[in-house]
Amino acid sequence: GMPGMDGFDMGVRFREHADKLGVEFKEARVLALEDKGESKTVSTDGGELESRTVILATGAVHALLEVPGEEKLAGRGVSYCATCDGAFFRGRTVAVVGGGDVALEDAIYLARTCEKVFLIHRRDELRGAFILQEELKKLPNVEILYSHVPEEILGEDSVEGIRLQNRKNEETTVLPVAGVFVAVGIRPGTELIREMADCDENGYVLAGEDCATSVPGLFVAGDVRKKPLRQIATAVSDGANAAISAGNFCRQ
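Small disclaimer: the values here were computed from a predicted structure and weren't measured. Each residue is numbered by its place in its chain's sequence as written, counting from 1. Only residues with pLDDT of at least 70 get local features here, since the model is predicted, and only at 80 or more are side-chain atom pairs given and counted; chain-wide, interface and lining totals rely on the full set of residues. As a rule here, side-chain values cover all heavy atoms of the structure and leave hydrogens and water aside.

Chemist: Could you clarify how one ought to interpret the state of the cysteines in this entry?
Modeler: When the sulfur atoms of two cysteines share a covalent bond, that bond is a disulfide. We call a pair of cysteine sulfur atoms a disulfide whenever their separation is within 2.5 Å. Enumeration over the complete set of coordinates arrives at one disulfide. The residue that forms a disulfide with Cys81 is Cys84, at a sulfur-sulfur distance of 2.1 Å. Between Cys81 and Cys84, the disulfide has an S-S torsion of 70° and is therefore right-handed. Lacking any disulfide linkage, Cys199 is separated from the closest cysteine sulfur, that of Cys211, by 14 Å. Under the scheme applied here, a residue whose accessible area is under 20% of the maximum for its type counts as buried, over 50% as exposed, and between as partly exposed, the area being computed with a 1.4 Å probe on protein chains only. Overall, Cys211 belongs to the buried group, its relative accessible area being 0%.

Chemist: Even after reading the chapter, I still don't get the environment of Val78, so can you show me in this structure?
Modeler: Among the secondary structure elements, Val78 is positioned in strand 6 (residues 78–79). Separated by 148 residues in the primary sequence, Val78 and Lys226 have C-alpha atoms spaced 28 Å apart. Those residues within four positions of Val78 in sequence are excluded, and the remaining contacts are Glu70, Leu73, Ile153, Val159, Val180 and Val182. What counts as a helix is a DSSP run of H or I of at least four residues, what counts as a strand is a run of E of at least two, and both are numbered from the N terminus. Throughout, a contact is declared for two residues whenever any of their heavy atoms are within 4.5 Å.

Chemist: Explain a nonpolar patch on the surface to me, please; I cannot follow it from the model alone.
Modeler: Where nonpolar side chains cluster on the molecular surface, the patch consists of Phe14, Ile232 and Val236 and spans about 280 Å² of accessible area. Looking at the secondary structure, you find Ile232 in helix 5 (residues 232–250). Each patch groups residues whose relative accessible area exceeds 30% and which form no salt bridge, using 9 Å between like charges and 5 Å between nonpolar side chains of Val, Leu, Ile, Met, Phe, Trp and Tyr. Shrake-Rupley sampling with a 1.4 Å probe provides the accessible areas, and residues are treated as covered by the protein chains on show and by no other component. A pair is scored as a salt bridge if a Lys or Arg side-chain nitrogen falls within 4 Å of a carboxyl oxygen belonging to Asp or Glu.

Chemist: Can you help me understand the sheet that holds strand 1 (residues 30–35) in this one?
Modeler: Note on sheets: strands pair through backbone hydrogen bonds, and any given pair is parallel or antiparallel. Strands were regarded as paired on the criterion that DSSP finds at least two bridges between them. The three strands are arranged 1-2-3 in an open sheet whose pairing can be described as antiparallel. Unpaired on one side and paired on the other, strand 1 and strand 3 (47–51) mark the two borders of the sheet. Direction aside, the axes of adjacent strands within the sheet are offset by 15° on average. Relative to strand 2 (residues 40–44), strand 1 runs antiparallel, the two sharing five bridges. What sits directly across from Asp35, in strand 2, is Lys40. Simply put, an axis is a line fit to the C-alpha atoms, just over the touching stretch for a helix, and the angle between two N-to-C directions goes from 0 to 180 degrees.

Chemist: How should the sheet that holds strand 11 (residues 161–166) be read in this particular structure?
Modeler: Taken in spatial order, the three strands line up as 10-11-12 in an open sheet, and their pairing is antiparallel. Two strands close off the open sheet at either side, each with one partner strand: strand 10 (148–154) and strand 12 (172–175). Each strand axis lies, on average, 25° off the axis of its neighbour in the sheet, ignoring direction. Pairing geometry for strand 11 and strand 12, over four bridges, is antiparallel.

Chemist: Mind showing me how you'd approach the nonpolar core here?
Modeler: Generally speaking, soluble globular proteins have nonpolar side chains that are buried together. As used in this record, nonpolar core signifies buried Ala, Val, Leu, Ile, Met, Phe, Trp, Tyr and Cys residues forming a set joined through side-chain atoms within 4.5 Å. Counting residues in hydrophobic clusters, the biggest one holds 21 residues, and the most contacted among them are Val94, Val96, Leu110, Val117, Leu119, Leu136 and Phe181. Among the secondary structure elements, those contributing two or more residues to this core are strand 7 (93–97), helix 3 (101–111), strand 8 (116–120), helix 4 (130–137) and strand 9 (142–145). Per-element tally for this core: the top contributor is helix 3, with six residues. The contacts of Leu110, once residues within four sequence positions are left out, are Ala82, Gly86, Val94, Val96, Val117 and Phe181. Counting residues in hydrophobic clusters, the runner-up holds 18 residues, among them Val78, Tyr80, Ala95 and Leu164.

Chemist: Is there a simple way to explain the packing of aromatic side chains in this structure?
Modeler: The relation between two aromatic rings is expressed through the spacing of the ring centres and the mutual angle of the planes. Aromatic contacts are taken between Phe, Tyr and Trp rings whose centres are within 6.5 Å, Trp giving its six-membered ring; a plane angle under 30 degrees counts as stacked, one over 60 as edge-to-face, and the others as tilted. Summed over the entire model, instances satisfying the criterion amount to two aromatic pairs. Centroid distance Phe89 to Phe181: 5.4 Å. Interplanar angle 75°. Geometry classified as edge-to-face. Of this pair, Phe89 sits in the loop between helix 2 (82–85) and strand 7 while Phe181 is found in strand 13 (residues 179–182), placing the two residues 92 residues apart along the sequence. For the pair shown, Phe89 and Phe181 are each scored as buried. Look at Phe219 and Phe249: their rings are 6.2 Å apart centre to centre, the planes differ by 75°, and that puts the pair in the edge-to-face class. In this pair, Phe219 is assigned in strand 15 (residues 218–220) and Phe249 in helix 5, connecting sequence segments 30 residues apart. Across the pair, Phe249 and Phe219 agree in class, each one buried. Of note, Arg15 hangs over the ring of Phe25, and the distance from its end group to the ring centre comes to 3.6 Å. Consider the ring centre and the ring normal. A charge sits over the ring if Lys NZ or Arg CZ is within 6 Å of that centre and within 35 degrees of that normal.

Chemist: Just checking my understanding: could you explain the side chain of Thr53 for this structure?
Modeler: Looking at the secondary structure, you find Thr53 in the loop between strand 3 and strand 4 (54–56). The residues contacting Thr53, other than those within four sequence positions of it, are Gly217, Phe219, Ala246, Phe249 and Cys250.

Chemist: Before we go on, may I ask you to explain the pairing of strand 10 in this structure?
Modeler: Across six bridges, strand 10 lies against strand 11 in antiparallel orientation. Bridging from a neighbouring strand, Leu154 pairs with Gly161 of strand 11. Here strand 10 folds back onto strand 11, and the loop between the two strands holds six residues, one of which, Gly155, carries a positive phi near 145°.

Chemist: What is the right way to read helix 1 (residues 7–20) from this model?
Modeler: Structurally, the α-helix is built with 3.6 residues per turn, so residues lying three or four positions apart point the same way. Taking 1.5 Å per residue, 14 residues should reach 20 Å; helix 1 reaches 20 Å between its end C-alpha atoms and fits that length. Residue Gly22 follows helix 1 closely and has a positive phi angle near 85°. By definition here, a helix of n residues has an expected span of 1.5 Å times n minus one.

Written out as structure tokens, the structure reads:
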């Protein structure tokens, strides 16, 4: 990225650049995508669009716990980004749900300013990198709860606690916490094409560096594509590759 510029401002700059080049923008909710061989039909709540090629750049979203209270208290103690919201919980007790690299990094980050951090993981051992595990276990204000799963996030106007079930004895306990940070993975926005294009077991589209999918004329860019690193830099790279590939396809 660029120092002093956050993601929102960067997005605005990208949009301004595209506007200067005369790109036409349409705002609508996409309902379906149909492959007609020589063309693609994009059905939206504002009508249909026909095109020889389509680039899907729908990104990925944080996976949800899908427990009672999560949706109601999202933004009011339930967070999916520790670096974004951690400062609001300085000196308080919070819980992090997950056992991978992101969950461990979140717990380490929060432990710097929070009074107490509970790391809740459904398995008997963590999945994150060993070096992160070692760093986490050295922190005196972090407690790891293995073999526990969230049942409900409690609170009226803000998070007041989280109800957990012990997977080994099925006993339930309530932890009084002011925040719950969810770090259980991300889900790609590939619902439109999952039955059409080849995807991996997690729904990420299989496409090479040219961003071409298994469907001729359909390309993907950004976090929807299966790749080892998902950052702005790789998303921009995908965008450039997908655009050139789509242009070359139209000239065939």
